[in-house]
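Observations on the three-dimensional arrangement
Here is what each chain is made of, one letter per residue.
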Amino acid sequence: MLRVLGIALLLWTTTAFAEMRDVQNYFFQPKLGDFKAELDTARQSGKSGVLLMFVMEDCPFCARMESNILSQSEVQDYYRKHFLIFEMDVKGGTPMTDFKGVNTTEKDFALKLRARATPTFIFFDNQGEPVTRFIGPTKDAAEFLLLGRYVVEGAYKTQPFSAYKASIK
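This section reports on the structure supplied with the text. (Residues numbered from 1 in each chain as written. Predicted model: local features only at pLDDT ≥ 70, side-chain atom pairs only at ≥ 80, totals over all residues. Heavy atoms only, no water.)

1. Observations regarding the environment of Tyr79
Worth spelling out the cut-off: Think of it this way: any DSSP run of H or I at least four residues long counts as a helix, any run of E at least two long counts as a strand, and we number them from the N terminus. Throughout, a residue-residue contact means that at least one pair of heavy atoms, one from each residue, lies within 4.5 Å. Pairs of N or O atoms within 3.5 Å make up the polar contacts considered here, provided that, within protein, one atom can donate a hydrogen while the other can accept it, and that residues adjacent in sequence are counted only when both atoms are side-chain atoms.
Structurally, the position occupied by Tyr79 is in helix H5 (residues 73–82). Separated by 52 residues in sequence, Tyr79 and Phe27 have C-alpha atoms that sit 7.5 Å apart. Other than its neighbours up to four places away in sequence, Tyr79 contacts Phe27, Leu51, Ile85, Phe123, Phe144, Leu145, Leu147 and Gly148. In this structure the side chain of Tyr79 is engaged in a polar contact, spanning 3.0 Å, whose partner is the backbone nitrogen of Gly148.

2. With respect to the sheet that holds strand S6 (residues 130–135)
Short version of the rule: Two strands qualify as a pair provided that DSSP identifies no fewer than 2 bridges between them. Helix axes are fitted to C-alpha atoms over the stretch in contact, other axes to C-alpha atoms as well, and angles between N-to-C directions run from 0 to 180 degrees.
Taken together, four strands build an open sheet; the order of strands is S2-S1-S5-S6 and the sheet is mixed. Looking along the sheet, the strands with just one partner apiece sit at the ends: strand S2 (83–89) and S6. On average, each strand axis in the sheet is inclined to that of its neighbour by 20°, with strand direction left out of account. H5 rests against strand S1 (49–55), S2 and strand S5 (120–124) of the sheet, and its axis sits at about 105° to S2.

3. A short note on the pairing of S5
As a general feature of sheets, a regular strand has side chains that alternate between the two faces. Under the convention used in this document: Remark: exposure states derive from per-residue accessible area (1.4 Å probe, protein chains only) relative to the maximum for the residue type, with buried under 20%, exposed over 50%, and partly exposed in between.
The element S5 is extensively covered by neighbouring structure, given that five of its five residues are classed as buried. Neither face of S5 is open: one carries Thr120, Ile122 and Phe124, the other Phe121 and Phe123, and all of them are buried. The pairing of S1 with S5 spans five bridges and is classified as antiparallel. Across the sheet, Phe54 pairs through a bridge with Thr120, a residue of S5. Of the pairings in the sheet, the one linking S5 to S6 comprises five bridges and is antiparallel in character. Considered in S6, the bridge of Phe121 is made with Phe134. Counting the residues in the hairpin turn of S5 and S6 gives five residues, including Gly128, whose phi is positive at 85°.

4. Considering the side chain of Gln29
As for its position among the elements, Gln29 is in the loop between helix H2 (23–26) and helix H3 (35–44). Polar side-chain contacts of Gln29 include one of 2.5 Å to the backbone nitrogen of Ile85. Residues in contact with Gln29, not counting those within four places in the same chain, are Arg80, Phe83, Leu84, Ile85 and Phe86.

5. Here's the deal with the nonpolar core
Rules: Here, nonpolar core means buried Ala, Val, Leu, Ile, Met, Phe, Trp, Tyr and Cys residues that are tied together by side-chain atoms lying within 4.5 Å of each other.
Phe27, Leu51, Leu70, Val75, Tyr79 and Phe144 are the most contacted members of the largest nonpolar core, which totals 29 residues. Looking at this core, the elements with two or more residues in it are S1, helix H4 (60–69), H5, S2, S5, helix H7 (141–152) and helix H8 (161–168). Per element, the largest residue contribution to this core is seven residues, and it comes from H7. With 18 residues, the next largest nonpolar core counts Phe54, Phe86, Met88 and Ala110 among its residues.

Structure representation (structure tokens):
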């Protein structure tokens, strides 16, 4: 009995680890710094839009999202299929061009969008307009996947995420 339990535990552990992948390589895309050009890429590749995750160094909630949710292959595959995804540092001085073609920095862009708490997820449509904002970590991968569906299906146009989430249960 103990041997069977040990084998089952080993198989479950191996499966769980096989589903976890590096966030920087499998969730986020590398930033080129020109989000107006990224919109063209999103449109040409049939994406629903762009997702920006605003983070801050040493943010425990950002680290939790990355290690427990964004590292899951199911989450990565779904989001990569539907969005271009970029990580943004709310204190970063990296030069960038926003969705309207204005030169700015990551920090100033975050301030303009009122992304002060981290993590803040802001979804943009293919015209560069923000359509959904989610502040803080989701409770689990299922909720984060539901947030993606909420945007992809266009439910944000008719109801808040909380109502959408309640209607799914």
